[in-house]
Each structure stands twice: as C-alpha cells, then as structure tokens.
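Fold and contact review
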Amino acid sequence: MKIAQPEIWWDRLFAPSSALAIITTVDTEGAVNAAAFGTATRVNHNPVDIAFTCRPSKDTSLNVLATREFVVNLPPFERDVLEAVRVVGLPFARGVNELTKAGLHELPALAVKPPRVEECTRHFECVLEWYHEWSDRIMFVGRVVAASVDDDCVDAQGYVRWENARSAHFSGASYNSFVAAYDVMEVRQPYDGPEVEAYDAFEKQMFGEQH
Ligand SMILES: Cc1cc2nc3c(=O)[nH]c(=O)nc-3n(C[C@H](O)[C@H](O)[C@H](O)COP(=O)(O)O)c2cc1C
C-alpha cells in the first residue's frame, strides 16, 4: 500500500540524494510519457527540490516545458523492474506511453497530472521551479509538492528502510548495469570545535527538534 508522507519527511525519503528514476510527464493533451533517468538528484532540503538533466529534443523535456509538472519515481533494485527501466529508456515515438510498453502500471498522483509508477517504491511529485539549457542538455529543478511511498519502505520516523526500498543507481553508459547500496552506518562527529554547535543550531533551525 502507498502512503503519503508529510512534508517534514520528504527530504529523508529521497535518500541517497541521487538515485535511478523513472520520470513521468504528460503532454498538453494529457498523454502519458515515461523515461529513465540516471541524473535525478535531491538538490535542496527545505523546501525539497529535485533536479535532473535531459536532452532538449526528448519528450520529457518538451512535456515539462509545456506543463511544468513531473513525477520522479524511484525503482527498486529488482531485475524485472530494472529491465522495465531499460524499456522506458528506449526512444519510442512521441505519444507512445512507455509504461504500457514496459508492462508498468500507472497510479494517479496525489497533486499533479503525471501518474506515479506503481512498481516504484517512492514517488516525488514536482512542479517546475527553474530550468537552464547548456551543452545540449536542460537541467530541470522541480519543487516537491507531494511525496508517497510503499508502507513497508519507511520506518515510523520516515527514514527509508533500505532492505525494502532497495534504491538503485545507474552505473554508466551503456545503460545496462545498475548498482545498489543499502547498509546504514551511524557516523559520529570526531571534531569538537565551535563549528559543530553552529552546524547543530543551523540544522535545528532548518528542520526543528525532531531531526
Ligand atoms: C538507466 C538509464 C538512465 C538514463 N538517464 C538519462 C538521463 O539522466 N538523462 C537523459 O537525458 N537521458 C537518460 N536516459 C535516456 C532516456 O531515458 C532516453 O533518451 C529516453 O528515450 C527519453 O525518453 P523521452 O523522449 O520519452 O523523454 C537514460 C536511459 C537509461 C536506460
């Protein structure tokens, strides 16, 4: 079952801060498009913003520029889903719904028009904040307006349960291998100068006591 996460936990839900993604968009007629992205990265904590880069000619770019919305869906490190990621990464003609081609299922989003991808474990619904074109790429930055997750993929404090979420990462062209890492290590701060207190105060101001 998918559960909506409160805004205070959106930041910790996108962890590690870069992950393999299926990004869904719609065109101005509402036709659904999906594509694979290795460049999706959480680039701001509060508010939570997610960036990715895409070639200007791609349907994803055309749709985001036209409708200003996209959903970043994070697939698990599972063979059948990763194979589907490779299918949605193929250059289908404009207007083709890649989710259907890949055997993936749409789930309506909570706050935007593009759908969520049911087989993915985490979903970040975004409204375009800004974009910048350079070097035959566009970098899009979206503000998260809703986030949801499979209920067995987070703990009671909203932290990702790695053994279930199993986030995947793209390990370099030619798009045919993926890696995963989900060992958690609490790491102490060995330095004890005044900067630590300043850092803690800043974190508290940003996130409140519960962080
Ligand atoms: C694993 C994987 C990662 C990819 N990462 C990116 C990426 O970060 N940026 C990009 O422009 N294309 C990336 N691609 C290629 C796009 O998914 C591909 O060009 C796709 O056809 C774009 O579809 P669209 O025209 O429907 O937007 C990736 C493909 C795969 C399989």
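Residues numbered from 1 in each chain as written. Predicted model: local features only at pLDDT ≥ 70, side-chain atom pairs only at ≥ 80, totals over all residues.

Quick notes on the overall build of the protein chain
- A tally of regular secondary structure across the protein chain gives six helices and 12 strands.
- Every one of the 211 residues in the protein chain was classed for burial, and the buried ones make up 35%.
- Taking as baseline every contact in the protein chain between residues at least 6 positions apart, the subset at least 24 positions apart corresponds to 63%. (Helix = DSSP H or I, 4+ residues; strand = E, 2+ residues; numbered from the N terminus. Buried ≥ 20, exposed ≤ 12 C-beta atoms within 10 Å, placed from the backbone. Contact = placed C-beta atoms within 7 Å.)

Points about the site of the ligand
- Around the ligand sit 20 residues in total, of which Ala35, Ala36, Thr39, Thr60 and Gly89 are the nearest.
- Of all elements in the fold, only strand E3 (32-37), strand E5 (49-54), helix H2 (59-67) and helix H3 (79-88) reach the threshold of two or more residues within the shell around the ligand.
- Ranked by residue count, the leading element in the shell around the ligand is E3, at four residues.
- Here the shell around the ligand is built from residues that sort into 10 nonpolar, six polar and four charged. (Near = placed C-beta within 6 Å. Nonpolar A, V, L, I, M, F, W, Y, C, P; charged D, E, K, R; others polar.)

Observations regarding unusual backbone geometry
- A cis amide bond, omega -10°, links Ala15 with the succeeding residue Pro16.
- Assignment of secondary structure puts Pro16 in the loop between helix H1 (10-13) and strand E2 (21-26).
- A cis amide bond, omega 5°, links Asn46 with the succeeding residue Pro47.
- Despite not being glycine, Arg68 shows a phi value in the positive range, around 65°.
- Along the chain, Arg68 turns up in the loop between H2 and strand E6 (69-74).
- Within the chain, Asp136 stands out as a residue other than glycine whose phi angle is a positive 55°.
- Examined against the element boundaries, Asp136 turns out to sit in the loop between strand E9 (122-134) and strand E10 (137-150).

Quick notes on H3
- Every buried residue of H3 is listed here: Val81, Ala84, Val85 and Val88. Looking straight down H3, one finds that the buried residues subtend no more than 110° of arc, so they occupy a single side. Set apart from the buried face of H3 by more than 90 degrees, the exposed residues are Arg79, Asp80 and Glu83.
- The secondary structure elements touched by the buried residues of H3 are E2, E3 and helix H4 (98-102). (Arc of directions from axis to C-beta.)

What to know about the pairing of E3
- Taking burial as the measure, the six residues of E3 include five buried ones, the bulk of the element.
- Alignment of E2 against E3, held across six bridges, turns out to be antiparallel. What sits directly across from Val26, in E3, is Val32.
- Two successive antiparallel strands, E2 and E3, enclose a turn made up of five residues, where Gly30 displays a positive phi of approximately 95°. (Pairing = 2+ DSSP bridges.)

Concerning the environment of Val64
- Mapped onto the elements, Val64 comes out in helix H2.
- Among the residues examined, Val64 registers 25 C-beta atoms within 10 Å and is labelled buried.
- Other than its neighbours up to four places away in sequence, Val64 contacts Thr25, Phe70, Leu128 and Phe140.

Details of the environment of Thr39
- Mapped onto the elements of the fold, Thr39 is located in the loop between E3 and strand E4 (41-44).
- On the basis of neighbour counts, which here come to 16 C-beta atoms within 10 Å, the residue Thr39 falls in the partly exposed class.
- Spatially, the C-alpha atoms of Thr39 and Thr53 are 6.1 Å apart, while their sequence positions differ by 14 residues.
- Among residues more than four places away in sequence, those in contact with Thr39 are Phe52 and Thr53.

Some details on the pairing of E5
- As judged from the three bridges shared by E4 and E5, these two strands associate in the antiparallel manner. Bridge pairing in E5 places Arg42 opposite Ile50.
- Count of turn residues in the E4/E5 antiparallel hairpin: four residues.
- The pairing of E5 with E10 spans six bridges and is antiparallel. Bridging from a neighbouring strand, Ile50 pairs with Gly142 of E10.

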